[in-house]
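Summary of structural features
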Amino acid sequence: AASRELKMLLARKTNLGERMSKRLIFASSVRNFTNDLKYSVSNHEFKELVNSFEPDQEIVFLDVREDEDLADGYLPSVNDLGATVKNIRLPILDLIELQLQPLEKYKDTHQIYCYCRSGNKSVAATRLLSLHGYNTVNLHGGLRNLAPIMDL
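Residues numbered from 1 in each chain as written. Predicted model: local features only at pLDDT ≥ 70, side-chain atom pairs only at ≥ 80, totals over all residues. Heavy atoms only, no water.

1. Concerning helix α2 (residues 43–51)
Listing the buried residues of α2 in full gives N43, F46, L49, V50 and N51. Among the structural elements, β1 (40–41), β2 (59–63), β4 (111–115), β5 (135–139) and α5 (142–146) are those in contact with the buried residues of α2. (Buried < 20%, exposed > 50% of the residue type's maximum accessible area, 1.4 Å probe, protein only. Helix = DSSP H or I, 4+ residues; strand = E, 2+ residues; numbered from the N terminus. Contact = heavy atoms within 4.5 Å.)

Here it is in structure tokens:
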């Protein structure tokens, strides 16, 4: 039993170490990767998109925050019109590993609006998804920029 617990502890530590390494790589490369971002929307444009969203619109909102960034709030699940907002959460480290299954059905049909806490991870997500053929737009400044004008 002790050796099984030790193996589990080592496996957990290895996984944590791998995720920390990916974070360091992400942090050091995000500036080079995102220099030529062409498409972003302001906090006011993003708020209007969420508040006026209708189910037949070909729009998806993509939350790329990691677990530790979730304390900043969430987009509303229902907007001012009573429509359920298409909101998907796919952490940036999963995107970097190209775990794109939750987005595949939207690839050729939907505009994907990426957002995170401060805008850095969503810029990287916007570029990465764009390179893989997705139609993406970034929320400039992230939820921190959106929070003063919208209840999260």
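Picking up where we left off.
2. Details of the packing of aromatic side chains
As enumerated under the stated definition, the model contains 5 aromatic pairs in all. With a centroid separation of 6.1 Å and an interplanar angle of 70°, the aromatic rings of F53 and F61 are classed as edge-to-face. No difference in accessibility class separates F53 from F61, as the two residues are buried. (Phe/Tyr/Trp six-rings, centres within 6.5 Å; stacked < 30°, edge-to-face > 60°.)

3. Focus: the pattern of salt bridges
Under the defined criterion, the tally for this structure stands at 4 salt bridges. Residues R65 and D63 are paired through a salt bridge, measuring 2.7 Å at the closest nitrogen-oxygen approach. Look at the salt bridges and you will find they share partners, linking D69, R117 and K121 into a network. (Salt bridge = Lys/Arg side-chain N within 4 Å of Asp/Glu carboxyl O.)

4. A short note on the pairing of β4
Among the 5 residues in β4, 5 count as buried, and that is most of the element. Sheet topology note: the β2/β4 ladder contains 5 bridges and is parallel. Pairing of D63 across the sheet is with Y115, part of β4. Sheet topology note: the β4/β5 ladder contains 4 bridges and is parallel. When the bridges of β5 are listed, C114 appears paired with N138. The parallel pair β4 and β5, bridged by helix α4 (residues 120–131), forms a crossover whose chirality is right-handed. (Pairing = 2+ DSSP bridges. Right-handed = clockwise from strand over helix to strand, strands pointing away.)

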